[in-house]
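Chain by chain, the residues:
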Amino acid sequence: MGAAVGVVGTTLAAAVAGLSAQRQVRAEHRHWRRQLRRDAYSAFTARADELRKVLKEINAELITPGADLDAVRTALDGARGLLNGRLADAQATVEIEGPERLARMAEELSRSLSACVAAISAATLGRGAGSTSAVTDPQGARRFLDHASSKRTQFVEHARRTIDV
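All values derive from a computational prediction rather than experimental measurement.

Participant: Whenever I open this one, helix α4 (residues 140-164) confuses me. Can you help?
Facilitator: In an α-helix there are 3.6 residues to a turn, and that puts residues three or four apart on one side. For α4, which comprises 25 residues, the first-to-last C-alpha distance of 37 Å matches the rise-based estimate of 36 Å (1.5 Å per residue) to within 8%. Of the positions making up α4, those classed as buried are G140, A141, L145, A148, K151, F155, V156, H158, A159, T162 and I163.

Participant: What exactly am I supposed to notice about the nonpolar core here?
Facilitator: Where a protein is soluble and globular, its nonpolar side chains tend to be buried together. Counting residues in hydrophobic clusters, the biggest one holds 33 residues, and the most contacted among them are Y41, F44, L51, L55, L113, I120 and F155. Contributing elements (two or more residues each) for this core: α1 (2-62), α2 (69-97), α3 (100-124) and α4. Residue contacts for L55: discarding those within four places in its chain leaves A79, L113, C116, V117, I120 and L145.

Participant: It is not clear to me how the packing of aromatic side chains should be interpreted in this structure. Could you clarify?
Facilitator: In this description, a pair of aromatic rings is defined by centroid distance and the angle of the planes. Per the counting criterion, the structure on display carries 2 aromatic pairs. The interplanar angle of 85° and the centroid separation of 6.0 Å between the aromatic rings of Y41 and F155 together place this pair among those described as edge-to-face. In this pair, Y41 sits in helix α1 while F155 sits in helix α4, placing the two residues 114 residues apart along the sequence.

Participant: Explain the environment of D39 here, please?
Facilitator: Counting through the fold element by element, D39 comes out in helix α1. Classification of D39 as partly exposed rests on a relative accessible area of 43%. Among the polar contacts made by the side chain of D39, one reaches the side chain of Q35 at a distance of 2.9 Å.

Parameters and conventions
- Residues numbered from 1 in each chain as written.
- Predicted model: local features only at pLDDT ≥ 70, side-chain atom pairs only at ≥ 80, totals over all residues.
- Heavy atoms only, no water.
- Helix = DSSP H or I, 4+ residues; strand = E, 2+ residues; numbered from the N terminus.
- Expected span 1.5 Å × (residues − 1).
- Buried < 20%, exposed > 50% of the residue type's maximum accessible area, 1.4 Å probe, protein only.
- Core = buried A, V, L, I, M, F, W, Y, C linked by side-chain atoms within 4.5 Å.
- Contact = heavy atoms within 4.5 Å.
- Phe/Tyr/Trp six-rings, centres within 6.5 Å; stacked < 30°, edge-to-face > 60°.
- Polar contact = N/O pair within 3.5 Å; in protein donor to acceptor, adjacent residues only side chain to side chain.

From the geometry alone we can't say anything about function, so treat these as descriptive.
This is how it looks when you write it as structure tokens:
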């Protein structure tokens, strides 16, 4: 009888230990996934902020009288590189890590920044280096930058809620 009780007790103790270990593994996995997502969201936000800052500087130069259009075009090439390079890479990571809603929000923010690049590019087309007025619509790029700021805020708020779950 004592041996039977010992076997049952040992079996129950092993089962409880196994369940506890599984619970611990699941908790560690959730923590690891949360950390991956946090890193992805942070990297995407940092790249978007970097590009937004560059675009603000370009737009500020573009709307000044006697703007150096060659410098603007060079900076714009750098902005395109950020958009199609580091920001695109960070967006792809967000798309992989999910969830779907955040991936869509990242895409919307990227599209806003891309539209700003296009607006600034259009403003410089056909303009010579000695042009007195570089921009016909100085607020065009500003509207895209404001829209990108709004999309960034939405992305960050939703990312926080996703991570805190």
